[in-house]
Amino acid sequence: MAARSSLDERIPDGYLAVVEGAIPTADGGMACAIGGRPFKDVVREVCDGAIATIAVGSCAFDGGAPGANGGRTDAVGVAEAAPNAHLISLSGCPMNVENLTATIVHYLTFKELPATDGRHRPLFAYGGLIHNECERRAHFEFGEFVLAWGDEGAQKGWCLYKMGCKGPEVFANCASVQYASATSWNIKAGHGCIGCTMPDFWDSMGPAHARLPATLPFAPTVTADQIGLGLVGGVAAVTAAHGAATYARELRNRVVGRRRAATAAIAAVAPAPVEGRVATLEPPEVVSPEPVEPPPAPASMEAEPVPAPGPAATPEPMTTPEAEPGLEAAPAALEEPGPSRPGADAPEQPESSR
Ligand code: SF4
C-alpha cells in the first residue's frame, strides 16, 4: 500500500503496471481485498494511471479458472475490470516469462507496445499456431499417433492429437520459445496442449484429455473433422478442375493440329491461283442461227387458191314452221293453273272451316 501511494513521487515520468491474478467482482469484489479495499478498485486506479498495463497469465487475461463456469466470485480479467487501461495481455497458464521480458524490452526500445490481436495479445507471441511449430508435426502428417498413455507411440514421441492435444487450434509460441530457459515444454514432456492461452480455455478447450471439442471457439458450428473434410474436398475439386482443363486443352490442340494438317494437304494438291487475274461472271456471247429455206412442197399438196374477198353473202331469213291445230291449247294449259278438276284429291279442310 505504501509503494502504491508513493508512485507519483517515486516515478514522476510514469510507470508500467503489471497485473497478475483474476479480479473478483461478486459481493462488491471483496473476495480479494488489498488494505481493506476491493482488488477491482485498486486495479482500476493503478491501471488508469499507468503508461501501459501488462496482464500476465490467463487469470488476468480473462478471469482464468476463477472465472470459469461454476465459479462463485464472478472473476474477470483486466480488460473488463479496467476498460480504460492501455493494455497488453500475455495469456497462458502459466504465462511464459520470455514473453513478458520481450514485451518490456520492446517498450523500452521503441517507446511503444508491440502490435496485438483483438484480445490485446502481442502478435510476436500469439500470432502463430502451436501445431505449425510443434516438434511432433511430422508424426501428425504420417498418421503416427499416441493411442494410450505409455504405448509404443508415446515412447517414440508420436503425435498427441488423439490424446486430446489442442495444438491445431491454439495460438502461442510455446513450441519455439519453450519454458525454463528453453529446457522443455508440455508436448516435449509427453502431454498434449490444453489450449491455456485461448479465451475461456477452461470451458472452451476442455476436457484436457479428450479429442478436439465438437465445436471450435472461432467457428461454433464447425468441427475440426468437418474442416479437414472440407479441405480434402476443396483440394479434390481443384485437382479435378485442373485435370479437366488440361484434357480440354489437349483435345483442342489435337483438333487444331488435324485441321492444319488437312489444310496443308489440300494446298499441296490444288492449282496455284494466277496472280493478277480476276474471274468474271459475264454471260457467254449468243450467236443467232442462219435462216433455213423451207423445202418446195409436192404438187399434190399445193394449196388451193384462196378466192378473193367479195361482198358478204346475205343469209336467208329463217321461217317459222306452222303450228298444228291440235297443239294450240296445250301451251295455255301449262302457263296458268286452272280450276280444280272434279274428283281430284283436295286437301281436307279442318272441321271448323267447313
Ligand atoms: S502433438 Fe499436438 S501440436 Fe504437436 S503435432 Fe500433434 S496435434 Fe499438433
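As a reminder, the structure under discussion sits directly above these lines.
Residues numbered from 1 in each chain as written. Predicted model: local features only at pLDDT ≥ 70, side-chain atom pairs only at ≥ 80, totals over all residues.

Turning our attention to the overall build of the protein chain. Along the protein chain, the regular secondary structure elements total 15 helices and 5 strands. By residue count, 23% of the 354 residues in the protein chain fall in the buried class. Once local pairs closer than 6 in sequence are excluded, the contacts in the protein chain between residues at least 24 apart make up 62%. (Helix = DSSP H or I, 4+ residues; strand = E, 2+ residues; numbered from the N terminus. Buried ≥ 20, exposed ≤ 12 C-beta atoms within 10 Å, placed from the backbone. Contact = placed C-beta atoms within 7 Å.)

Tracing the backbone shows Phe 39 in helix α3 (residues 39–48). The class of Phe 39 is buried, set by 21 C-beta atoms lying within 10 Å. In this structure the C-alpha to C-alpha distance between Phe 39 and Gly 28, which are 11 residues apart in sequence, comes to 9.8 Å. Each residue touching Phe 39, except ones within four places of it in the same chain, is listed here: Ile 23, Pro 24, Gly 29, Cys 32, Ala 33 and Ile 34.

This part covers the pairing of strand β4 (residues 52–56). Counting buried positions along β4 gives 4 out of 5 residues, so the element sits mostly inside the fold. Direction of pairing for strand β1 (residues 16–20) relative to β4: parallel, over a ladder of 5 bridges. Within β4, the position partnered with Leu 16 by the bridge is Ala 52. (Pairing = 2+ DSSP bridges.)

What follows concerns the nonpolar core. Val 19, Ile 23, Val 43, Cys 47, Ala 55, Ala 60 and Val 78 are the most contacted members of the largest nonpolar core, which totals 26 residues. Of all elements in the fold, only β1, α3, β4, α4 (57–62), α5 (78–81) and β5 (87–90) reach the threshold of two or more residues within this core. The element best represented in this core is α3, accounting for 4 residues. Beyond its immediate stretch of four places on either side in the chain, Val 19 contacts Val 43, Cys 47, Thr 53, Ala 55, Ala 60 and Val 78. Among the nonpolar cores identified, the runner-up in size contains 25 residues, and Leu 160, Tyr 161, Val 170 and Ala 172 belong to it. (Core = buried A, V, L, I, M, F, W, Y, C linked by C-beta atoms within 7 Å.)

Attention now moves to the pairing of β5. The alternating pattern of β5 places Leu 87 and Ser 89 on one face and Ile 88 and Leu 90 on the opposite face, and all of these are buried. As judged from the 4 bridges shared by β4 and β5, these two strands associate in the parallel manner. What sits directly across from Ile 54, in β5, is Ile 88.

Taking 1.5 Å as the rise per residue, helix α6 (residues 97–110) with 14 residues should run 20 Å; its terminal C-alpha atoms sit 20 Å apart, in good agreement. Just downstream of α6 lies Lys 111, where phi reads positive at about 60°. (Expected span 1.5 Å × (residues − 1).)

This paragraph deals with unusual backbone geometry. Cis peptide bonds are those with omega within 30 degrees of zero, and the linkage from Cys 93 to Pro 94 qualifies with 10°. For Pro 94, the location among the structural elements is in the loop between β5 and α6. Between Gly 206 and Pro 207 the backbone carries a cis peptide bond, its omega angle lying at -5°. You can see Pro 207 is positioned in the loop between α13 (201–204) and α14 (224–269). One non-glycine residue, Asp 27, adopts positive backbone phi at about 55°. With respect to the helices, strands and loops of the structure, Asp 27 is situated in the loop between β1 and β2 (33–34). By the C-beta count within 10 Å, which is 11 here, Asp 27 ends up exposed.

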